Number of protein chains: 4
Amino acid sequence: MIIVIQCADQVGLVAAISSVVSKQQLNIISMREYVDKAENLFFMRLEVEEIIDPIQLEHQLKSVLPTDATIHINPIPHKKIAVLVTKEYHCLADILIRNFFNTLGATVQCVIGNHDDLRDVCERFGIQFYHVSHEEKSKDEFEKQIEALIQPYAPDYLVLAKFMRILSPAFVAEYPMRVINIHHSFLPAFIGANPYRKAYERGVKLIGATAHFVSNELDEGPIIAQQTIPVNHSFTVPDMVNAGKEIETSVLARALKLVFEDRVFVYNNKTVVFE
Amino acid sequence: MIIVIQCADQVGLVAAISSVVSKQQLNIISMREYVDKAENLFFMRLEVEEIIDPIQLEHQLKSVLPTDATIHINPIPHKKIAVLVTKEYHCLADILIRNFFNTLGATVQCVIGNHDDLRDVCERFGIQFYHVSHEEKSKDEFEKQIEALIQPYAPDYLVLAKFMRILSPAFVAEYPMRVINIHHSFLPAFIGANPYRKAYERGVKLIGATAHFVSNELDEGPIIAQQTIPVNHSFTVPDMVNAGKEIETSVLARALKLVFEDRVFVYNNKTVVFE
Amino acid sequence: MIIVIQCADQVGLVAAISSVVSKQQLNIISMREYVDKAENLFFMRLEVEEIIDPIQLEHQLKSVLPTDATIHINPIPHKKIAVLVTKEYHCLADILIRNFFNTLGATVQCVIGNHDDLRDVCERFGIQFYHVSHEEKSKDEFEKQIEALIQPYAPDYLVLAKFMRILSPAFVAEYPMRVINIHHSFLPAFIGANPYRKAYERGVKLIGATAHFVSNELDEGPIIAQQTIPVNHSFTVPDMVNAGKEIETSVLARALKLVFEDRVFVYNNKTVVFE
Amino acid sequence: MIIVIQCADQVGLVAAISSVVSKQQLNIISMREYVDKAENLFFMRLEVEEIIDPIQLEHQLKSVLPTDATIHINPIPHKKIAVLVTKEYHCLADILIRNFFNTLGATVQCVIGNHDDLRDVCERFGIQFYHVSHEEKSKDEFEKQIEALIQPYAPDYLVLAKFMRILSPAFVAEYPMRVINIHHSFLPAFIGANPYRKAYERGVKLIGATAHFVSNELDEGPIIAQQTIPVNHSFTVPDMVNAGKEIETSVLARALKLVFEDRVFVYNNKTVVFE
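All of these numbers come straight from a predicted model, not from anything done at the bench.

Peer 1: Before we move on, could you go through the domain arrangement of chain A and cite the residues and values that matter?
Peer 2: All names here are of chain A. The domain boundaries assigned to chain A delineate domain 1 (2–74) and domain 2 (79–273). Averaged C-alpha coordinates put domain 1 and domain 2 at centres separated by 32 Å. The contact between domain 1 and domain 2 buries some 900 Å² in all, and 54% of this surface belongs to carbon and sulfur atoms. The largest per-residue losses of area from domain 1 upon contact with domain 2 belong to Gln6, Phe43 and Arg45, which jointly make up 43% of the total buried on that side. The interface formed by domain 1 and domain 2 holds 1 salt bridge in total. The partner of Arg263 in a salt bridge is Glu47, with the nearest N and O atoms 3.9 Å apart. Counting across the domain 1 and domain 2 interface gives 5 residue pairs in polar contact (both at pLDDT 80 or more). Of all the secondary-structure elements, those providing two or more residues to the side of domain 1 that touches domain 2 are β1 (2–8), β2 (28–36), β3 (41–48) and β4 (70–74). With 5 residues, β3 is the single largest residue contributor to the side of domain 1 that touches domain 2.

Peer 1: Provide a residue-level description of the interface of chain D and chain A, including the pertinent values.
Peer 2: Of the residues lining the interface, 31 residues belong to chain D; the matching set on chain A comes to 31 residues. For the pair chain D and chain A, the summed buried area comes to about 2,500 Å², and 55% of that belongs to carbon and sulfur atoms. The largest contributions to the chain D side of the interface with chain A come from Arg202, Lys205 and His233 of chain D, which together make up 29% of the buried area. If you look at where chain D meets chain A, you find 2 salt bridges. For the salt bridge of Arg202 of chain D with Glu220 of chain A, the shortest nitrogen-to-oxygen distance reads 3.6 Å. Summed over the shared surface of chain D and chain A, the result is 17 residue pairs in polar contact (both at pLDDT 80 or more). Secondary structure elements with two or more residues in the side of chain D that touches chain A: β2 (28–36), α7 (195–202), β11 (223–230) and β13 (270–273) of chain D. When its residues are assigned to classes, the side of chain D that touches chain A shows 15 nonpolar, 9 polar and 7 charged.

Peer 1: So, the packing of aromatic side chains: which residues are in play, and what are the values?
Peer 2: Residue and element names in this part refer to chain D. Across all of its chains, the model carries 52 aromatic pairs over all chains by this definition. Residues Tyr34 and Phe43 carry aromatic rings whose centres are separated by 6.0 Å and whose planes lie at 20° to one another, so their mutual orientation is stacked. Both residues of the pair, Tyr34 and Phe43, count as buried. When the ring of Tyr157 is compared with that of Phe260, the centres are 6.1 Å apart and the planes differ by 50°; the resulting orientation is tilted. Taken as a pair, Tyr157 in strand β8 (residues 157–160) and Phe260 in helix α8 (residues 237–260) lie far apart in primary sequence, 103 residues in all. Across this residue pair, the class does not change: Tyr157 and Phe260 are buried.

Peer 1: Hey, could you go over the relation of the copies chain D and chain A for me, with residue numbers and the actual values?
Peer 2: When chain D is fitted to chain A, the residual RMSD is 0.0 Å, and the transformation amounts to a turn of 180° plus an axial shift of 0.0 Å. On this basis, the relationship between the two copies can be described by a two-fold rotation axis. Within chain D, the C-alpha atom positioned nearest to the axis of rotation is that of Ala189 of chain D, 2.3 Å from it. When you check the interface residues of chain D against chain A, 100% turn up at the interface there too, and the contact is symmetric in its surfaces.

Peer 1: Can you lay out the relation of the copies chain D and chain B for me, pointing to particular residues and giving the numbers?
Peer 2: The transform that puts chain D on chain B rotates by 180° and translates by 0.0 Å along the axis, for an RMSD of 0.0 Å. In this assembly, 100% of the residues forming the interface of chain D have copies in chain B that are likewise at the interface, indicating an isologous arrangement.

Peer 1: Go over the sheet that holds strand β5 (residues 79–85) of chain B, please, and point to the residues and values.
Peer 2: Residues and elements named next belong to chain B. Taken in spatial order, the 7 strands of this open sheet run β7-β6-β5-β8-β9-β10-β11, and their pairing is mixed. In this open sheet, the two strands that pair with only one neighbour each are β7 (129–131) and β11 (223–230). Between one strand and the next, the sheet's axes are offset by a mean angle of 20°, whatever the strand orientation. As paired elements, strand β10 (residues 206–213) and β11 share 7 bridges and run antiparallel to each other.

Peer 1: Quick one: what's the story with the packing of helix α7 (residues 195–202) of chain A against helix α8 (residues 237–260) of chain A, residue by residue and with numbers?
Peer 2: Residues and elements named next belong to chain A. Running from N to C, α7 and α8 cross one another at 120°; their axes reach a closest spacing of 9 Å. Between α7 and α8, the crossing angle belongs to the class labelled oblique. Two packed elements cross with a definite hand, and for α7 against α8 that hand is right-handed. Together, Tyr196, Arg197, Ala199 and Tyr200 of α7 and Val237, Met240, Val241, Gly244, Lys245 and Glu248 of α8 make up the contact between the two elements. Split into classes, the residues belonging to the contact of α7 with α8 amount to 6 nonpolar, 1 polar and 3 charged.

Peer 1: Give me the UniProt feature "active site" (unreviewed entry) in chain A: which residues, what numbers.
Peer 2: In this numbering, the UniProt entry assigns the feature "active site" (unreviewed entry) to Asp219 of chain A. Structurally, the position occupied by Asp219 of chain A is in the loop between β10 (206–213) and β11 (223–230). By relative accessible area, Asp219 of chain A is classed as buried at 6%. Look past the residues within four positions of Asp219 of chain A in its chain and what remains in contact with it is Asn181, His183, Leu187, Ile191, Gly192 and His212 of chain A together with Arg202 of chain D.

Peer 1: So, the pattern of salt bridges: which residues are in play, and what are the values?
Peer 2: Residue and element names in this part refer to chain A. In total, this model carries 72 salt bridges over all chains according to the counting rule given. A salt bridge links Glu47 to Arg45, with the shortest nitrogen-to-oxygen separation between them at 3.0 Å. Here Glu261 makes a salt bridge to Lys257, at a shortest N to O gap of 2.9 Å. Each of Arg45, Glu47, Lys257, Glu261 and Arg263 takes part in a single network of salt bridges with overlapping partners.

Peer 1: Please give an account of helix α1 (residues 13–23) of chain D that cites residues and values.
Peer 2: By the criterion of burial, α1 of chain D is predominantly enclosed, with 9 of the 11 residues buried. On its buried side, α1 of chain D packs onto α1 (13–23) and β2 (28–36) of chain C together with β1 (2–8), β2, β3 (41–48) and α2 (54–64) of chain D. Directly beyond the C-terminal end of α1 of chain D, a positive phi value near 60° is found at Gln25 of chain D.

Peer 1: So, the interface of chain D and chain B: which residues are in play, and what are the values?
Peer 2: On the chain B side, the residues contacting the 14 residues of chain D number 14 residues. Carbon and sulfur atoms make up 66% of the area that chain D and chain B hide from each other, which totals about 1,400 Å². Taken as a group, Tyr89, Phe101 and Arg124 of chain D account for 44% of the area that chain D buries against chain B, more than any other trio of residues on that side. Summed over the shared surface of chain D and chain B, the result is 2 salt bridges. One salt bridge in this structure joins Glu246 of chain D and Arg98 of chain B, with 2.8 Å as the shortest N-O distance. Across the chain D-chain B interface, the total number found is 5 residue pairs in polar contact (both at pLDDT 80 or more). Looking at the side of chain D that touches chain B, the elements with two or more residues in it are α3 (90–100) and α4 (119–124) of chain D. If you tally residues by element for the side of chain D that touches chain B, the top one is α3 of chain D, at 4 residues. Taken together, the residues that form the side of chain D that touches chain B break down as 8 nonpolar, 2 polar and 4 charged.

Conventions we followed
- Residue numbers restart at each chain and count upward from 1, following the sequence in its written direction.
- The order in which chains are written sets their letters, starting at A; the order in which ligands are written sets their numbers, starting at 1.
- The model is predicted, so local features are restricted to residues of pLDDT at least 70 and side-chain atom pairs to those at 80 or more, both for listing and for counting; the totals for chains, interfaces and linings are taken over all residues.
- To obtain the side-chain values, all non-hydrogen atoms of the structure were included, while hydrogens and water were left out.
- What fixes the domain bounds is an automatic or database domain assignment.
- Summed over both partners, the accessible area (1.4 Å probe) lost when two parts come together is defined as the buried area.
- Here, a salt bridge means any Lys or Arg side-chain nitrogen found within 4 Å of an Asp or Glu carboxyl oxygen.
- Polar contact is defined as a pair of N or O atoms within 3.5 Å, subject to the rule that within protein one atom must be able to donate a hydrogen and the other to accept it, and that residues adjacent in sequence are counted only when both atoms are side-chain atoms.
- Helix and strand definitions follow DSSP, with helices as H or I runs of at least four residues and strands as E runs of at least two, each counted in order from the N terminus.
- Only heavy atoms matter for contacts: two residues are in contact if any of them lie within 4.5 Å across the pair.
- Note on residue categories: nonpolar means Ala, Val, Leu, Ile, Met, Phe, Trp, Tyr, Cys or Pro, charged means Asp, Glu, Lys or Arg, and polar means any other residue, Gly included.
- For this analysis, a ring pair means two rings from Phe, Tyr or Trp (six-membered ring only for Trp) whose centres lie within 6.5 Å, classed as stacked if their planes differ by under 30 degrees, edge-to-face if by over 60, and tilted for the remaining angles.
- Any residue under 20% of the maximum accessible area for its type is buried, any over 50% is exposed, and the rest in between are partly exposed; the area is computed with a 1.4 Å probe on protein chains only.
- The copies are overlaid by a least-squares fit using only the C-alpha atoms of residues whose pLDDT is at least 70 in both copies.
- Should DSSP find at least two bridges between two strands, the strands are taken to pair.
- Axes here mean lines fitted to C-alpha atoms, for a helix over just the part in contact, with angles spanning 0 to 180 degrees between N-to-C directions.
- When describing relative orientation, an angle under 35 degrees is termed roughly parallel and one over 145 degrees roughly antiparallel, while 65 to 115 degrees is termed roughly perpendicular and anything else oblique.
- In this scheme the crossing of two helices becomes right-handed for a clockwise turn of the near helix relative to the far one and left-handed for an anticlockwise turn of less than a right angle.
- UniProt positions are given in the numbering used here, feature names are shortened, and annotations may be inferred rather than shown by experiment.

As structure tokens, this is what we get:
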């Protein structure tokens, strides 16, 4: 069972929380805490062996915590997700494979593509695929169609697995800090379209990938995970694209694992990640 | 102030310890804990802003901890070290530079070399250098001479900064888990002499370095830090030696920092490292 | 078109080869050469834009090269492979996905498992899966059955994608330097079974994966690619197994790409890899 | 002896060059070539065992190369450098140590600081240190003073080893592609002042360092080498600064080695690096 707490910092929080936990005779598997001194914020993630009534435990924790505390208790961690894609298969396929073998830590409910290219791979795994073209319609219409398809599933998270359309602030606002994107550069470098082209032109010796929550500013949302790999002068733009696919796949997989295990807190457009 | 605790695990330890700390109105800067479930062992490192009387705090902690608990309170962390070298300069020079600019987290008291090559660089930094040749004497005599030179300094740790002689169990026993060595391979691969030669012959695509405490078994002591870098077919043995120097220097520097900041626990020939 | 040459070294080889190539008005896309001075061996890989008659080109190259030269000209590089598996899905699934989207650089002809667990994922991609149990039969019988299934396909390479049985020297001899294995450690550390258990017990701060050609000595064949990732004291054996899967998948994928693109030479139980 | 060639690409260049080399009975230790197809540019670096008359060899090479070819023959590679610093010691100390032990591949002629802090460490190694304050004078005066001190040494390269002043285009123009800077971020992210502060505020999970030639645009010159290391939410700005020092030191050291060994070509604000 996972217990996640965020509140204003004060002396004695760890003592108070761990005292509640030990009175319940709960065995702590892992405990991670962090205090942002500048912001006076306290973050804690507890994993205990036992599964007990979350309502009662939350009540006990509330009684010892500041009134602003947010407490989230996850008895059986398992999330539901919808995946948005365009044409590139690598991130989606990795998610489908982990989903199929029950190692994703979440269930893929459906996949929506603004092109039809990835229907086949989804259907081979029995995953519902919807094609919603962005062509010959306004962005508003396009997003309304997506929204109508997603809503019945009530997913916990939307995963943009190389979805190449920019979602409107209105759409994103429906899923605050619940839309996860993989961007194919080490942000904040090369924001926006064609980062590998820009990387090539700048002559960088690294390329990277960044998984982040989507906010209203393009590629400016809270970063969950990022990684780089070396490149050299011999890499053409297509070479960078290909090399980048490997790292995009692995960074997104790592970010999803962290989010699905309730290891990621968001505040001030940044994340606390208890790896 | 740093507080370090190791004891048998039981429910409520975190609550008990943090309760003692919060009663003293101590602000926790960082708290790290780990439980080895298989061995039923509990480890904790606390860093608090305030400096208070360590004897009184230890007394209070003892009253809430199992009787087997070892408690170590470090009011002003600063270690004293003696460095043993042979001919290679890179690890020693890095230590001397950090020592000179007060960023080592320890004070170099003296350097002992079984060759005289590194006297000059030591003396340029005002560090006492002793030449103790291993030639034309028994290992026992050799080590007795070293021991006689070191003892007056009463160093906390001996650092073997590319010291190419194997110390006897008797010598090592004088400094249990207080002798730190840098080995030029990713242990347990390539134990003993000429690891780069062996790496070359095996055709590995990685070379590495391992910092470890010295025990009675050659290169078998508890590992503190290790790292690898890629190599390829074009690397000759000397190329590997040169590339390896960079990583040896940085792995030893990192291990020393971890040890000097009381972040390393040893048990069962393994380490817990709170990075 | 790819041209691969290996022969005894002598002055003027590059001039002689490149003169043949330029007389044909071939545009060199990339040229890589390496000389092992100790062994007096010359290796070259040339990639040219044009596709011309390989027999004529080979004839011209032979006329300027030492008589011991092996020349391999690959007009349309595309290999055929059979994959052997046990129960773990991660390496196989990665291969199946790349095969399905035509980015593997080879065609998967069939998959053979000594357990039946991975039949489903293969069949979803229309790949023939054969179950050959190793139980209640001799190793010889087991291997004869595998051999009988593989032979009609005449694969260029056998890929052991987490195949947990040790193949006999007689079997391996049928496919000299054509069987590629992924071993779940940074060889030569932790040869044989249960490397993660051994890594855990040794307390290493790294785990790794090694892709290598299979020879008659267990885990002693020529290494193609290897990589490590950091671990710490909090990793249990299952944690290492899980973390290791990511790196096993990516190291095997990289090694296969290198082999399928004719970038790997083998000699003296080592490889030259022109990345 | 190192031979470096850059020219317009055409069929037969490798044959022509290697034919000249083999006629001289020169043993090639290593040969690297690269063609930028988009720009139709050819780059080659040859290392041969023998040292012969460079003027004669250059003459022979010119006779087989396009007229635009630049040929650079380096019989005994050894560069001269002046180092500019401010207050931070880590990059300078690393350079001084390598210089002292003759492993820098260059000779440090003098060090100039706009603060006096690093005089002591220079003088301990017998290196001339000049203090040129930037205070109470115009940038032009400041740079004229530096220039007057440097000119008598006629250095091949100026190394900005954490020199925190921006040099004017006029100054830089005196040393075209001969001023090497280390910037404490993974460019093009966090150009200009306080990159660690910006990295902290953006909440990145990586920090980095970039060594580049200085051009007229701030932090926009051709990149020679760059690297990143992971950080997490617990890193304060000073923590990032400290962690960054390690990587700044090693990236600058690597870049200098590459430049001093004539492995770096510059064109189109990018570099070709034959590592």
